[in-house]
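Descriptive analysis of the structure
Each chain, letter by letter, is given below.
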Amino acid sequence: MTSVPAETSSGALDVTPAAPGRLTVLHVRETDGDAPRRAAAHRAEVLRSVAEHGAVLLRGLGLQSPAAMADTAVALGIEPMVERERFSPRREYQRAVYSSSEWPSDEPICMHHELSYAAEVPAFALFGALAVPREGGATAVADSQEVLYALPDDLVARFTRLGWQLTRTYREVGVAWSEAFGTDDPQDVDAYCRHALIDHEWLPDGALRTRQRRAAVLSHPGNGRPVWFNQAAFLNELTLDPMVRAYLTDVYGPDSLPFHTTYGDGTPIPAAAVDVINEAYRAATRSEPWQVGDLLLVDNVRMAHSREAYEGDREIAVMFGNPTQLAGHVLP
């Protein structure tokens, strides 16, 4: 990696405050140096802004490559995190630097917190715009503190009491277990699951089924405020296209869908509850159209993120940073 200097003071960043439905944008004035050096010059201010707003768009860095993305994260004092238990396929540019999810461009990706089901979660999610589409394709965010307060009290109380449960079946549909866990050795998967309190079984056909229970409402490790931190709606089977869901159920049975969520005690989550959660996310959504070279920094515990449908070529480099174990997150 390119070495970068310690933080220097070169004047405040120009700030475009967030308007309704929009992100806070920090504009870098410097024209000298590469993206990591420009980021290092404003490290403290950038991290303060993320802590204040939950997510900020850093514009003017001139990011040009995955390698520059990795060096910029280090320049900001963010420890890169290798992804495990990924939900959708990605390409790996280099260690801990990935493509965005390989998902059909005409289908949006709903709001979610990255790896909220893992025992160790990234405190930061970073997105760098290497190529932007002709239309759409923004990476939007939603403040989970706002979402929590917008949800009905009885729904929040039930999720707070029971948590949520995720069941995944790794077959040829979706991500293979070897890709998700970064190994071809079943014993490595066994060890990972034991450490992360994931119930798992190897099925007769070689498929892997996992089940894990996590808290749905947590205290933010930085500010102590409660956050709605889960993927109970996003990974519910009701998010699947009905025809796809019917086909997979017919082929594999109702207990072998690629993913499914319930309340923590195994009780089904009603469709009405999934709709209420997604509506709360929609009301809290804010975004900013991409420009080439932008870097979006997201507090992954506070802010969920999504992706708009788009037309044209889109290349967004993705990193996760500062692996964190959240108090009370992993439930037995």
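Coordinates for the structure precede this section.
The numbering scheme is per chain: residues are counted from 1 as the chain's sequence reads. Per-residue local features are limited, in this predicted model, to residues with pLDDT of at least 70; the limit for side-chain atom pairs, both in listing and counting, is 80 or more; totals at the level of whole chains, interfaces and linings are taken over all residues. Side-chain figures throughout are based on the complete set of non-hydrogen atoms in the structure, without hydrogens or water.

**Quick word on the pattern of salt bridges**
Rules: Think of a salt bridge as a Lys or Arg side-chain nitrogen and an Asp or Glu carboxyl oxygen that are within 4 Å of each other. To qualify as a helix, a DSSP run of H or I must reach at least 4 residues; to qualify as a strand, a run of E must reach at least 2; elements of each kind are numbered from the N terminus. Per-residue accessibility, obtained with a 1.4 Å probe over protein chains only, is compared with the maximum for each type, and a residue is labelled buried under 20%, exposed over 50%, and partly exposed between these values.
Under the definition given, this model contains 14 salt bridges. Arg29 serves as the salt-bridge partner of Asp14, at 2.9 Å between the closest nitrogen and oxygen. Here Asp14, found in strand S1 (residues 14–16), pairs with Arg29, found in the loop between strand S2 (24–27) and helix H1 (35–40); they are 15 residues apart in sequence, far enough to count as distant. Among the residues examined, Asp14 registers a relative accessible area of 35% and is labelled partly exposed. Residues Glu114 and Arg90 are paired through a salt bridge, measuring 3.1 Å at the closest nitrogen-oxygen approach. With Glu114 in the loop between strand S7 (109–112) and strand S8 (121–131) and Arg90 in the loop between strand S4 (80–81) and strand S5 (92–94), this residue pair connects regions lying 24 residues apart in the sequence.

**Considering the nonpolar core**
Note the cut-off: Working definition of a nonpolar core: buried Ala, Val, Leu, Ile, Met, Phe, Trp, Tyr and Cys residues. They are joined through side-chain atoms within 4.5 Å. When checking whether two residues touch, look at their non-hydrogen atoms; a contact exists if any pair is within 4.5 Å.
Counting residues in each nonpolar core, the largest one holds 51 residues, and the members touching the most others are Phe127, Leu151, Phe159, Trp228, Ile277, Tyr281 and Val298. By residue number, the principal contributor to this core is helix H9 (residues 271–284), which donates six residues. For Ile277, the contacting residues outside a window of four places in its chain are Leu151, Leu155, Phe159, Trp228 and Ala233. Among the nonpolar cores identified, the runner-up in size contains 26 residues, and Leu26, Leu58, Ala73 and Phe124 belong to it.

**Let's talk about H9**
As a reminder, the rule being used: Under the convention used throughout, the expected extent of a helix is 1.5 Å for every residue step, that is, one less than its residue count. Each C-beta atom gives one direction from the helix axis, and the arc is the one those directions make.
With 14 residues, H9 should cover 20 Å at 1.5 Å per step; its first-to-last C-alpha distance of 20 Å lies within 8% of that length. Taken residue by residue, H9 has Ala273, Val274, Ile277, Asn278, Ala280, Tyr281 and Ala284 as its buried positions. Seen along its axis, H9 keeps its buried residues to an arc of 155°; they face one direction. Within H9, the exposed residues directed more than 90 degrees away from the buried face are Ala272, Arg282 and Ala283.

**Re the side chain of Ser144**
Convention followed: Side-chain atoms alone can form a polar contact between residues adjacent in sequence; in general such a contact is a pair of N or O atoms within 3.5 Å, and within protein one must be able to donate a hydrogen while the other accepts it.
Among the structural elements, Ser144 can be located in helix H4 (residues 144–150). Overall, the relative accessible area of 0% leaves Ser144 in the buried class. A polar contact of 2.6 Å, which involves the side chain of Ser144, links it to the backbone oxygen of Arg302. If we skip the residues at most four places from it in the chain, Ser144 touches His113, Val227, Trp228, Val301, Arg302 and Met303.

**Observations concerning the pairing of strand S18 (residues 295–299)**
We apply this condition: When DSSP locates at least two bridges between a pair of strands, those strands are taken to pair.
Where burial is concerned, most of S18 is hidden: five out of the five residues are buried. Residues Leu295, Leu297 and Asp299 line one face of S18 and the alternating positions Leu296 and Val298 line the opposite face, and both faces are buried. Note: strand S3 (residues 55–59) against S18, four bridges, orientation antiparallel. Paired with Val56 across the two strands is Leu297, which belongs to S18. Inspection of the sheet shows S8 paired to S18 by five bridges, in the antiparallel sense. Paired with Phe124 across the bridge in S18 is Asp299.

**Some words on unusual backbone geometry**
Excluding glycine, most residues fall at negative phi; most peptide bonds, likewise, are trans. Phi angles above zero are rare outside glycine, and Glu85 is one such case at about 65°. Its place among the elements puts Glu85 in the loop between S4 and S5. For Glu85, a relative accessible area of 1% translates into the label buried. With phi around 70°, Ala96 is a residue other than glycine that occupies positive phi space. Note on Ala96: relative accessible area 0%, which makes it buried.

**Points about the side chain of Asp299**
Inclusion rule: Note on charges: Lys and Arg go in the positive column, Asp and Glu in the negative column, and His and the chain ends are not counted at all.
Residue position: Asp299 is located in strand S18. Although buried, Asp299 forms no salt bridge, and the nearest oppositely charged side chain, Arg302, lies 5.7 Å from it. A distance of 3.1 Å separates a polar atom in the side chain of Asp299 from the backbone nitrogen of Val301. Of the polar contacts made by the side chain of Asp299, one reaches the backbone nitrogen of Arg302; its length is 3.1 Å. The residues touching Asp299, leaving out its near neighbours within four places in the chain, are Val50, Gly54, Ala123 and His220.

**As for the sheet that holds strand S10 (residues 139–143)**
Read across the open sheet, the four strands follow the order S7-S19-S10-S17; overall the sheet is antiparallel. Strand pairing shows two members of the sheet lacking a second neighbour, S7 and strand S17 (285–286), which therefore form its edges. Sheet analysis places S7 next to strand S19 (residues 303–307), joined by two bridges and oriented antiparallel. By the bridge assignment, Ile109 is partnered in S19 with Arg307.

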